[in-house]
Amino acid sequence: MNAAKDSGSARTPAKTPAPSIRARVRAEMISEIKKVALDHLTRDGAALSLRAVARDMGMVSSAVYRYFPSRDELLTALIIDAYTSLGEAVEKADGDVDRRDAYLSRWFAVCHTIRRWAIARPAEYALIYGSPIPGYLAPDETIEPGSWAVVAMARCVAEAEAAGKLDSPERTGVFPATEDAAYAEELRAVAVGMGFNEDSHVIERVLSAVTQVFGAVNFEVFGRLNRVFSERGEWFDRQVRELAVGMGLVPR
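Residues numbered from 1 in each chain as written. Predicted model: local features only at pLDDT ≥ 70, side-chain atom pairs only at ≥ 80, totals over all residues. Heavy atoms only, no water.

Hey, could you run me through the overall build of the chain in this one?
In terms of helices and strands, the chain carries twelve helices and zero strands. Reading the chain from its N end, one meets helices and strands in the order α-α-α-α-α-α-α-α-α-α-α-α. Looking at the 252 residues of the chain, the share that counts as buried comes to 39%. Here the analysis covers contacts within the chain between residues at least 6 apart in sequence; of these, 73% occur between residues at least 24 apart. (Helix = DSSP H or I, 4+ residues; strand = E, 2+ residues; numbered from the N terminus. Buried < 20%, exposed > 50% of the residue type's maximum accessible area, 1.4 Å probe, protein only. Contact = heavy atoms within 4.5 Å.)

I would appreciate a short explanation of the nonpolar core in the present structure.
Soluble globular proteins tend to pack their nonpolar side chains together in the buried interior. In terms of nonpolar packing, the biggest core is built from 67 residues, with W107, M153, V157, F196, V206 and L249 touching the most fellow members. Top element by residues in this core is helix α5 (residues 71-95). It accounts for nine residues. When neighbours within four sequence positions are excluded, M153 is seen to be in contact with W107, V110, C111, I114, V210, V213 and F214. (Core = buried A, V, L, I, M, F, W, Y, C linked by side-chain atoms within 4.5 Å.)

Sorry if this is basic, but what is going on with the packing of helix α2 (residues 21-44) against helix α7 (residues 122-129) here?
Packed helix pairs are characterised by how far apart their axes lie and by the angle those axes make with each other. Where α2 meets α7, the axes come as close as 9 Å, and the angle between the chain directions of the two elements is 80°. Taken together, the axes of α2 and α7 lie roughly perpendicular to each other. Each of L38, L41 and T42 in α2 lies in contact with α7, whose residues at this interface are A123, E124 and L127. For the contact of α2 with α7, the per-class residue count stands at four nonpolar, one polar and one charged. (Axes fitted to C-alpha atoms, helices over the stretch in contact; angles between N-to-C directions. Parallel < 35°, antiparallel > 145°, perpendicular 65-115°, else oblique. Nonpolar A, V, L, I, M, F, W, Y, C, P; charged D, E, K, R; others polar.)

Here is the structure:
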């Protein structure tokens with residue numbers, strides 16, 4: 001009796017309903033609008049126009065406005081997509097490295113992944129790390145995806161410091177203590193936000209390294225190395241290694 005009752009009371013997990021035809025069509029339209037908008041960014045830089053996007057899609061502009069009420073909303077969607085794509089690529093690169101005391105290998109993996117992603121997708125890279133777009137103010141919803149790749153870059157250094165695997169501060173040198181109390185408080189908050197202890201001795205070097213990695217990528221993507229280096233992978237690799245030395249990932 002009880003067994004029959006138990007059997008009868010078992011419920012099959014509810015299936016997630018498939019998206020409606022309208023929802024699928026909407027998702028496809030949004031995807032197509034983004035694709036055309038990226039094509040415009042590739043050709044014309046930041047001069048993005050919803051009217052031009054609609055024209056290329058064979059639509060009236062009012063139809064595009066049903067999906068993106070303004071140029072800024074379309075830009076925000078593209079920015080979040082770009083940050084997310086880069087963050088996923090960096091996370092995968094970090095996760096693919098053998099975890100047996102491989103902090104330096106992880107640093108190299110994430111930095112080179114950022115470079116490869118940027119070279120493969122220059123329009124999207126320019127959108128998130130290029131010149132500010134006139135008249136556009138990124139909303140708060142871009143902050144979290146925008147920090148994804150940076151936090152992933154710093155993770156191997158934070159874990160190396162926590163494990164006592166960094167070269168000693170005496171050998172690598174440390175930034176002199178700041179006398180600016182407000183800056184010191186901000187630095188502690190940044191350290192915690194990036195996965196370090198608030199009293200990390202290496203956090204300023206990490207922040208410096210992060211900005212230099214993106215600076216090196218910018219130089220390549222935006223043509224600053226033209227007629228300077230053809231062996232740009234080797235040039236970048238040496239920059240990344242020197243930054244690793246400064247953070248204590250390898251002995252000086």
